[in-house]
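# A closer look at the structure
Spelled out from the first residue to the last, the chains are:
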Amino acid sequence: LCSGIDSLPETTEPYHVILGMSILHLLPNKKDVLAKVHRNLVPGGYFISSTICLGDNGGTLLKWILPVVSWTGLIPKVSIFTKQELRQSIEESGFDIEEEFHPGNDKAVFLVAKKK
């Protein structure tokens, strides 16, 4: 199935893997989407994501600039959070983070999370 993670349909046949690539920072309802991902995975299923954590690399200035540029409609609304905040939100949604790869502060964080 190919679907936007924010429009993932509820299913009676859960998935083994769900990908969320470069999207979590663009969702206004990240917590709700993570809960839906969790519900749609088999026990022990995986959520694999890559997300830029702007709170770790210059987020202070971006907190002022991004809302203004977003208001113009030139870019979507962008949520600013740290890697630790991202990990915490995924763990609070019922996942154990099994792997993390972060090639640099100005790069996305790749996480492999397993449903508890």
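Above this note sits the structure.
Presented here is an overview of the structure given in this document. The structure displayed is predicted, hence computed values, not measured ones.

Reading the values: the criteria
- Residues numbered from 1 in each chain as written.
- Predicted model: local features only at pLDDT ≥ 70, side-chain atom pairs only at ≥ 80, totals over all residues.
- Heavy atoms only, no water.
- Helix = DSSP H or I, 4+ residues; strand = E, 2+ residues; numbered from the N terminus.
- Rg over C-alpha atoms; globule rule 2.2 N^0.38 Å.
- Buried < 20%, exposed > 50% of the residue type's maximum accessible area, 1.4 Å probe, protein only.
- Contact = heavy atoms within 4.5 Å.
- Phe/Tyr/Trp six-rings, centres within 6.5 Å; stacked < 30°, edge-to-face > 60°.
- Lys NZ or Arg CZ within 6 Å of the ring centre and 35° of its normal.
- Lys, Arg positive; Asp, Glu negative; His and termini not counted.
- Salt bridge = Lys/Arg side-chain N within 4 Å of Asp/Glu carboxyl O.
- Polar contact = N/O pair within 3.5 Å; in protein donor to acceptor, adjacent residues only side chain to side chain.

When helices and strands are tallied, the chain shows 3 helices and 4 strands. In sequence order, the chain lays out its α and β elements as β-α-β-α-α-β-β. Relative to the compact-globule value of 13 Å for 116 residues, the chain shows a C-alpha radius of gyration of 15 Å, a close match. C-alpha atoms of the chain, sized along the principal axes, occupy 45 × 30 × 20 Å. The buried share among the 116 residues of the chain stands at 37%. By sequence separation, contacts in the chain at least 24 residues apart represent 63% of the contacts at least 6 residues apart.

Counted according to the given criterion, the structure contains 2 aromatic pairs. Centroid distance Phe-47 to Phe-95: 6.1 Å. Interplanar angle 45°. Geometry classified as tilted. Pair noted here: Phe-47 is in strand β2 (residues 41-51) and Phe-95 is in strand β3 (residues 95-101), with a separation of 48 residues, a long-range link. Relative accessible area serves as the criterion here: at 1%, Phe-47 is assigned to the buried category. Owing to a relative accessible area of 0%, Phe-95 belongs among the buried residues under this scheme. Seen from the ring of Phe-81, Lys-30 lies directly overhead, with NZ or CZ sitting 3.9 Å from the centre.

So, on to the side chain of Lys-115. Structurally, Lys-115 can be placed in strand β4 (residues 109-115). Despite being buried, Lys-115 has no salt bridge partner; Glu-10 is the closest side chain of opposite charge, sitting 9.6 Å away. At a separation of 2.9 Å, a polar atom in the side chain of Lys-115 contacts the main-chain carbonyl oxygen of His-38. Here Leu-41 takes part through its backbone oxygen, which lies 2.7 Å from a polar atom of the side chain of Lys-115. With residues up to four places along the chain from it excluded, the contact list for Lys-115 reads His-38, Arg-39, Leu-41, Val-42, Pro-43, Gly-44, Gly-45, Gly-94 and Phe-95.

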